[in-house]
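# Notes for the structure review
Listed here are the chains, written in short residue letters.
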Amino acid sequence: MSEPILRVDNLESYYGPVMAIRGVSVEVHEGQIVTVLGANGAGKTTLLKTISGIMDPEKGTIHLEGESIQGMEPDQIVRRGVIHVPEGREVFPLLSVEENLLMGAYTRNDKAGVRNDLEMVYGYFPILKDKARQAAGTLSGGQQQMLAIGRGLLAKPKVMLLDEPSLGLSPLLVKEIFTIIKRLNTEQGVTMMLVEQNAKVALDTAHHGYVMEIGRIVMNDKAPVLAASKDIQEFYLGVQEAGERTQKRWKKRKTWR
Amino acid sequence: MDALQLLVSGLANGCVYGLIAMGFVLIYKATEAVNFAQGDMMMLGAFVALGLTNEHYAHLPFVVAVPLTILIMAAVGYLMDAVLLRRTFGQSQIAVVILTIAIGFVFRFVAGVIWGHEPQSLESPLAGRDIRFGGVVLGLDEVFVIVVTIALTVGMYFFFARTKMGVAMQASSQNQMAAYYMGIPVKRVHSLVWALSGAVAAIAGILFASKGSIDPATGFLGIKAFAAAVIGGLGSLPGALLGGIIIGLVEPFSARYLGGDLARLMPYLILVLILVFRPHGILSQVQAKKV
C-alpha cells in the first residue's frame, strides 16, 4: 500500500504521572475512515489530543504526509490539515451557528473557498442553515454534534479526528450522523480517524479498525474482519455465546503485545 | 440649565469610568482574570500622552501624540501578558490578581520617577474651551469625551461582531478548549486582548487628563471603575459603560443634593446594593458561564 497520510509510531503520552497511552502505532490512509475502538479510559481521546497538539507526547512520532508534527502547537497542526472534532461537541455557545462554522475556517484565508465549503456543509446539514443566526448554545445535542462536524469540515482538513460523535445521542440520531459521516467520506473524500465506544456503528462505517485497551492497541484489522471476530462480538457488540467464558481471547495469548 | 451642565459633566466622568471598566471587562472575559492595574494603565497612558505633547517635555503636536500614546500603551498591554501574565497560566486566580496589583504599584512608581508626583495637566487643544447654545455653556473637553466614547463603543461593537479576530476573541472567551481545537492561537489572542485593553486605557487616560490634572495616584480611579464594571455586570462591555455612566451621574447629583461626604460614598453604596439584589450585575451574560 502507499504511504499513509497520517502515521503514528510508538506514541506515549502522560496525564501528569499517569501514562495514558503506551506505545501506540496507527496508520490512516488517504480516503479512509479508520476507527479506534475501546472502553472508557482506554486512551482513545488522549491519542486524538496528542495528534492534534493539545497534549505533547513523551515519546514517539506523528507524521502527516511524511512531515513530523508531534509536539507542535495546535494552531500549526490545524494549518497543516488535521482538525479535531472534540468529544462532547464543544461549540461556542453564544456565537451564532454560522459564526461557529466560520471559526472552523479560522486558519484559512481563501474567502471564496470558505463560502463554497459553508454551502457544502449546509447541504449536508440543512438544519444548520435554518438556524444559521441562532446562538449555538440553544441547539439540541444532535444539532450541536452536526455543528461540530460542520465546523471541522470548514477547516478543509486532510485528516479529520472525530471523538465519539455518538456520545449522548439517540440511536436514530446516531444512525443519521453516521450516514452523513459515510457520505462525507465517499462524496467529499474526507479522510477520518474515528474514535468510538459504539463499535457496531463505527465498524459499519469504517474501512479499518483498531482496538485499544489500557493505552495499548490490542487488535488491528480491516473493519469487516474485526466485526466478525469473536472478541469484538462478545465485548463490544454484545453477542453472547452460550457456555463461553468471559475472558478476552487476546488476553489468553502471550503474543498480543 | 444647571442640571443639564451637571448631566453633561457627569456623563463625561462616567464615560471615563466606563472606558476603564471596559478594560476590566475585556480582560476578564478573555482570561477570567481581573486586572487591578487597569486604573494605573489609564494613569500611565495619560502621562505618556502628557510626556509626548507637553511643551516642557517632548512637545509633539497633539494629533501625533495621541495615536503614539495609544500604540505605546497597546504595546505595554501586550507585553504585560506576553512577558508576565502568560507565565501564571495554571496558577490560582489569586496569583494573577496579586501580580496585577504589583504591576500597578510599579506603574505608579515609574510614573512618579519620570514625571514627578505633582499634579500636572495635559496641554490639550480642547482644554478650557466652551461651546454654547442657548443659555447652556458646555466644556468642549466634556463634549469631546462623550463623543469619543460613543465612537469607540460603536467601533468595538463592530470589531467584535464583524471582524475575524473579534469573533475569535469572543470564541476563545466562551470555550477556550474549542478555540484551541479550531487552530485559534489562544495565547496570542489573549495578548491581543491585553493590547486592546491597554489602548482603551490610553484613550481613557487622554480623555481624563484633558478634563483636569493628573498625578501618579490618579490610577486609584481604577477602584471606582471596577465598581462600575461590577455594577454593569463583569463580563458585559455595554454593562461596563452603563455602570460607568451610572457612577458618573450619581456623583455630581448626589454632591449637589446630598452633600460631599455622602456623594463619595454613593458609588460603593450602589455597588453593595447591586451585589445584594442583582449579584451578576445589570447587564450580565450569565449563560456564558454555563458550559
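Residues numbered from 1 in each chain as written. Chains lettered and ligands numbered in written order. Predicted model: local features only at pLDDT ≥ 70, side-chain atom pairs only at ≥ 80, totals over all residues. Heavy atoms only, no water.

## What about the overall build of chain B?
A tally of regular secondary structure across chain B gives 11 helices and four strands. For 291 residues, the compact-globule formula gives about 19 Å, and the C-alpha radius of gyration of chain B, at 19 Å, lands near that figure. For the C-alpha atoms alone, the extent of chain B along its principal axes is close to 60 × 45 × 35 Å. Across the 291 residues of chain B, 51% fall into the buried class. For chain B, long-range pairs separated by at least 24 residues make up 74% of all intrachain contacts whose partners lie at least 6 apart in sequence. If you sum the accessible surface of chain B, you get close to 12,800 Å²; carbon and sulfur atoms cover 70% of it. If the 17 positive side-chain charges of chain B are averaged to one point and the 13 negative ones to another, these points end up 16 Å apart. (Helix = DSSP H or I, 4+ residues; strand = E, 2+ residues; numbered from the N terminus. Rg over C-alpha atoms; globule rule 2.2 N^0.38 Å. Buried < 20%, exposed > 50% of the residue type's maximum accessible area, 1.4 Å probe, protein only. Contact = heavy atoms within 4.5 Å. Areas by Shrake-Rupley, 256 points an atom, 1.4 Å probe, with all protein chains shown as cover. Lys, Arg positive; Asp, Glu negative; His and termini not counted. Charge placed at Lys NZ, Arg CZ, Asp CG, Glu CD.)

## Side note on the sheet that holds strand β10 (residues 216-222) of chain A
Residue and element names in this part refer to chain A. The mixed open sheet is built from six strands, whose spatial order is β6-β7-β8-β3-β9-β10. The open sheet terminates on both sides in strands that have one partner only, identified here as β6 (82-85) and β10. Averaged over neighbouring strand pairs, the angle between their axes works out to 15° when direction is ignored. Inspection of the sheet shows strand β3 (residues 33-37) paired to strand β8 (residues 191-196) by five bridges, in the parallel sense. Pairing of Leu37 across the sheet is with Glu196, part of β8. Lying over the sheet, helix α6 (residues 141-153) contacts β6 and β7 (159-163), oriented at roughly 170° with respect to β6. Each of β3, β7 and β8 is contacted by helix α7 (residues 171-188), which is oriented at about 155° to β8, the strand it contacts most. (Pairing = 2+ DSSP bridges. Axes fitted to C-alpha atoms, helices over the stretch in contact; angles between N-to-C directions.)

## Considering the confidence of the model for chain B
All names here are of chain B. The predicted model of chain B averages 90 in pLDDT, with 97% of residues at 70 or higher. No element of chain B has a lower mean pLDDT than strand β2 (residues 130-133), at 78, and none a higher one than helix α3 (residues 62-84), at 96. This stretch, residues 287-291, has a pLDDT under 50; its non-local contacts, to residues over four places away or in other chains, come to five contacts. (pLDDT = per-residue confidence, 0-100.)

## A word on the packing of helix α9 (residues 221-232) of chain B against helix α10 (residues 237-258) of chain B
Residues and elements named next belong to chain B. Put simply, α9 and α10 touch, their axes get as near as 7 Å, and they point 120° apart. Classed by the angle they form, the pair α9 and α10 counts as oblique. For the pair α9 and α10, the crossing hand works out as right-handed. Touching Lys224, Ala227, Ala228, Ile231 and Gly232 of α9 are Gly239, Ala240, Gly243, Gly244, Ile246, Ile247 and Glu251, all from α10. Class assignment for the residues of the contact of α9 with α10 results in six nonpolar, four polar and two charged. (Parallel < 35°, antiparallel > 145°, perpendicular 65-115°, else oblique. Left-handed = near helix turned anticlockwise from the far one by under 90°. Nonpolar A, V, L, I, M, F, W, Y, C, P; charged D, E, K, R; others polar.)

## Details of the UniProt feature "transmembrane region" (unreviewed entry) in chain B
Residue and element names in this part refer to chain B. Taken from the UniProt record, the annotation "transmembrane region" (unreviewed entry) applies to residues 6-27, 34-52, 58-80, 92-116, 136-160, 192-214, 226-250 and 262-281. Along residues 58-80, the helical share is 83% and the strand share 0%, with 25 Å between the first and last C-alpha atoms. Taken end to end, residues 262-281 has its terminal C-alpha atoms 23 Å apart, with 80% of it in helix and 0% in strand. (UniProt positions renumbered as here; feature names shortened; annotations may be inferred.)

## A few points about a positive patch on the surface
A grouping of Arg79 and Lys111 of chain A together with Lys164 and Arg188 of chain B is seen on the molecular surface, where their side chains present a positively charged patch. Within the element layout of this structure, Lys164 of chain B appears in helix α6 (residues 164-174). Lys164 of chain B sits in the partly exposed class, given a relative accessible area of 36%. (Patch = residues over 30% accessible without salt bridge, like charges linked within 9 Å, V, L, I, M, F, W, Y side chains within 5 Å. Salt bridge = Lys/Arg side-chain N within 4 Å of Asp/Glu carboxyl O.)

## Considerations on the pairing of strand β1 (residues 6-15) of chain A
Residues and elements named next belong to chain A. Here β1 runs beside strand β2 (residues 18-28); their pairing, made up of eight bridges, is antiparallel. Bridge pairing in β2 links Arg7 to Glu27. Count of turn residues in the β1/β2 antiparallel hairpin: two residues, of which Gly16 carries a positive phi of about 60°. Alignment of β1 against strand β4 (residues 59-64), held across five bridges, turns out to be antiparallel. When the bridges of β4 are listed, Glu12 appears paired with Lys59.

## So, the packing of aromatic side chains
Scanning the model with the defined rule gives seven aromatic pairs over all chains in all. Ring centres 5.2 Å apart and planes at 15° place the aromatic pair Phe47 of chain B and Trp115 of chain B in the stacked group. In this pair, Phe47 of chain B sits in helix α2 (residues 38-53) while Trp115 of chain B sits in helix α4 (residues 93-115), placing the two residues 68 residues apart along the sequence. Given the relative accessible area of 0%, Phe47 of chain B is considered buried. What makes Trp115 of chain B buried here is its relative accessible area of 13%. Cluster of aromatic residues (ring-pair linked, three or more members): Phe24, Phe36 and Phe226 of chain B. The ring of Phe92 of chain A carries Arg151 of chain A above its face, with NZ or CZ at 5.1 Å from the centroid. Across from the ring centre of Phe105 of chain B, 4.7 Å away, lies the NZ or CZ of Arg108 of chain B, which sits over that ring. (Phe/Tyr/Trp six-rings, centres within 6.5 Å; stacked < 30°, edge-to-face > 60°. Lys NZ or Arg CZ within 6 Å of the ring centre and 35° of its normal.)

## Things to note about the pattern of salt bridges
All names here are of chain A. Counted under the stated rule, the structure contains 15 salt bridges over all chains. Glu12 serves as the salt-bridge partner of Lys59, at 4.0 Å between the closest nitrogen and oxygen. Note that Lys59 is positioned in strand β4 and Glu12 in strand β1, a separation of 47 residues in sequence. Across the pair Asp204 and Lys200 runs a salt bridge whose closest N-O atoms are separated by 3.3 Å. Placement of both Asp204 and Lys200 in helix α8 (residues 199-205) is noted, with a separation of four residues, approximately one turn of the helix.

## Looking at the environment of Met22 of chain B
Residues and elements named next belong to chain B. Within the element layout of this structure, Met22 appears in helix α1 (residues 2-31). Between the C-alpha atoms of Met22 and Val193, which are 171 residues apart in sequence, the distance is 11 Å. With residues near it in sequence (within four places) discarded, Met22 still touches Thr153, Met156, Val200, Leu237, Ala240 and Leu241.

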